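An overview of the molecular structure
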Amino acid sequence: MDGIPQTTLPEEIAAAIVQSSEKLEGAASILAMLEDKAGNRRITASELSAVRCIVEKCAADLDGAWERA
């Protein structure tokens with residue numbers, strides 16, 4: 001039986017993945033809060049912008065880590 005080839009991610013990519021996962025969990029929490037708020041109040045552009053900024057930062061961090069790998 002042949003072994004399964006394994007690769008190890010460079011430390012920088014692994015760190016970017018972990019950090020981005022944590023930030024995205026925070027963004028998901030904010031979105032859940034905004035969903036609750038939307039039931040009876042208006043959501044502001046700045047609230048949505050906060051979530052967008054987190055997601056864009058995570059994407060940029062992951063892209064940068066992959067490019068440097």
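Scroll up for the structure.
The following refers to the structure shown. (Residues numbered from 1 in each chain as written. Predicted model: local features only at pLDDT ≥ 70, side-chain atom pairs only at ≥ 80, totals over all residues. Heavy atoms only, no water.)

**Focus on the overall build of the protein chain**
Tallying secondary structure elements over the protein chain gives 2 helices and 0 strands in all. Relative to the globule expectation of 11 Å for 69 residues, the C-alpha radius of gyration of the protein chain, 17 Å, shows a markedly less compact shape. Taken along the three principal axes of its C-alpha coordinates, the protein chain extends 60 × 30 × 10 Å. When the accessible surface of the protein chain is split by element, carbon and sulfur atoms take 57% of a total near 5,500 Å². A distance of 13 Å separates the average location of the 7 positive side-chain charges in the protein chain from that of its 12 negative side-chain charges. (Helix = DSSP H or I, 4+ residues; strand = E, 2+ residues; numbered from the N terminus. Rg over C-alpha atoms; globule rule 2.2 N^0.38 Å. Areas by Shrake-Rupley, 256 points an atom, 1.4 Å probe, with all protein chains shown as cover. Lys, Arg positive; Asp, Glu negative; His and termini not counted. Charge placed at Lys NZ, Arg CZ, Asp CG, Glu CD.)

**What about a nonpolar patch on the surface?**
Together, Leu9, Ile17 and Trp66 make up an exposed nonpolar region whose accessible area comes to about 290 Å². Residue classification places Trp66 among the partly exposed positions, given a relative accessible area of 48%. (Patch = residues over 30% accessible without salt bridge, like charges linked within 9 Å, V, L, I, M, F, W, Y side chains within 5 Å. Salt bridge = Lys/Arg side-chain N within 4 Å of Asp/Glu carboxyl O. Buried < 20%, exposed > 50% of the residue type's maximum accessible area, 1.4 Å probe, protein only.)

**Description of helix H2 (residues 45-68)**
When the terminal C-alpha atoms of H2 are compared, their 34 Å separation across 24 residues agrees well with the 34 Å that a helix rising 1.5 Å per residue should span. Turning to H2, its buried residues number three or more, namely Val51, Cys58, Gly64 and Ala65. Contacts made by the buried residues of H2 are with helix H1 (11-38). (Expected span 1.5 Å × (residues − 1). Contact = heavy atoms within 4.5 Å.)

**Side note on the pattern of salt bridges**
Side chains that differ in charge, positive against negative, can pair when their charged atoms come close. Inspection of every chain in the model, using the stated rule, returns 5 salt bridges. One salt bridge connects Arg68 with Glu12, and the closest N-O pair in it is separated by 2.5 Å. You can see Arg68 sitting in helix H2 and its partner Glu12 sitting in helix H1, a full 56 residues away along the chain. Overall, the relative accessible area of 53% leaves Arg68 in the exposed class. According to the relative accessible area criterion, Glu12 is partly exposed, its value standing at 38%. When the shortest N-O distance is used, the salt bridge between Lys23 and Asp61 registers 3.3 Å. Here the residue Lys23 occupies a position in helix H1, and Asp61 occupies one in helix H2, the gap between them amounting to 38 residues.

**Quick word on the side chain of Lys37**
In this fold, Lys37 is placed in helix H1. The contact partners of Lys37, leaving out residues within four places of it in the chain, are Arg42, Ile43 and Glu47.

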